[in-house]
Amino acid sequence: MKLRGDRIPGRSGTLCQRIKKKKLRNGEIREYPLVSIDRNVNNVLHWFWHLSYKQKEPDGKYKSHTVSVRPEQVAAVKVLIAGNAQLEVVLSYIYSSK
């Protein structure tokens, strides 16, 4: 699931959920974060979260960046993105509450 603000340049970025797959020594592949039941799309604790955004570099090219978001920050970041807050506001919230 991805959550984006309106397509206005310089806005909030995209909030993404993801999992990590690791191969164990015995050959088994395990998904993290570990979940003992079926993974629920609506449960923020069943996923790793990150905010991805692009910034214009001095040479005129755009560079992609990602910032990890803790599960307890997800609800507030969703509200900021839905309200089309500036990217700097979203990033300052993420960094200030760590």
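Rules of the game
Sequence order as written defines residue numbering, which begins from 1 separately in each chain. In view of the model being predicted, local features appear only for residues whose pLDDT reaches at least 70, and side-chain atom pairs are presented and counted only at 80 or more, with totals across whole chains, interfaces and linings using the full set of residues. Heavy atoms throughout the structure, all of them, feed into the side-chain values; hydrogens and water do not. A pairing counts as a salt bridge when a side-chain nitrogen of Lys or Arg comes within 4 Å of a carboxyl oxygen of Asp or Glu. Working definition: with a 1.4 Å probe on protein chains only, accessible area under 20% of the residue-type maximum means buried, over 50% means exposed, and in between means partly exposed. What pLDDT reports is the predictor's confidence in each residue, on a scale of 0 through 100. The way it works is that DSSP assigns letters per residue, a run of H or I at least four long becomes a helix, a run of E at least two long becomes a strand, and they are numbered from the N terminus. Within 6.5 Å between ring centres, the rings of Phe, Tyr and Trp (the latter by its six-membered ring) count as paired, and their orientation is classed by plane angle as stacked under 30 degrees, edge-to-face over 60, tilted in between. Here, over-ring charges are defined by two tests on the NZ atom of lysine or the CZ atom of arginine: distance to the ring centre within 6 Å, and angle to the ring normal within 35 degrees.

1. Description of the pattern of salt bridges
Summed over the entire model, instances satisfying the criterion amount to four salt bridges. For R30, the salt bridge is made with E28, and the minimal N-O distance between the two is 3.5 Å. Under the relative-accessibility criterion, E28 is labelled partly exposed at 37%. The salt bridge involving R39 is made with E31; its shortest N-O contact spans 3.6 Å. Salt bridges here are not isolated pairs; linked through shared partners, they connect K21, E31 and R39.

2. Describing the confidence of the model for the protein
This prediction gives the protein a mean pLDDT of 86; 88% of its residues lie at or above 70. Between the elements of the protein, mean pLDDT differs from a low of 58, seen in strand 1 (residues 2-4), to a high of 94, seen in strand 3 (residues 20-23).

3. Points about the packing of aromatic side chains
Taken as a whole and assessed by the stated rule, the structure comprises zero aromatic pairs. Positioned over the ring face of Y32 is K22, at 5.9 Å from the centre of the ring. It is R39 that lies over the ring of W47; its NZ or CZ is 5.6 Å from the centre.

4. Considering unusual backbone geometry
Negative phi values dominate among residues other than glycine, just as trans dominates among peptide bonds. The omega torsion across Y32 and P33 is 0°, close enough to zero to call that bond cis. Notably, N84 is not glycine yet its phi reads approximately 55°, a positive angle. Within the secondary structure layout, N84 lies in the loop between helix 1 (74-82) and helix 2 (87-96).

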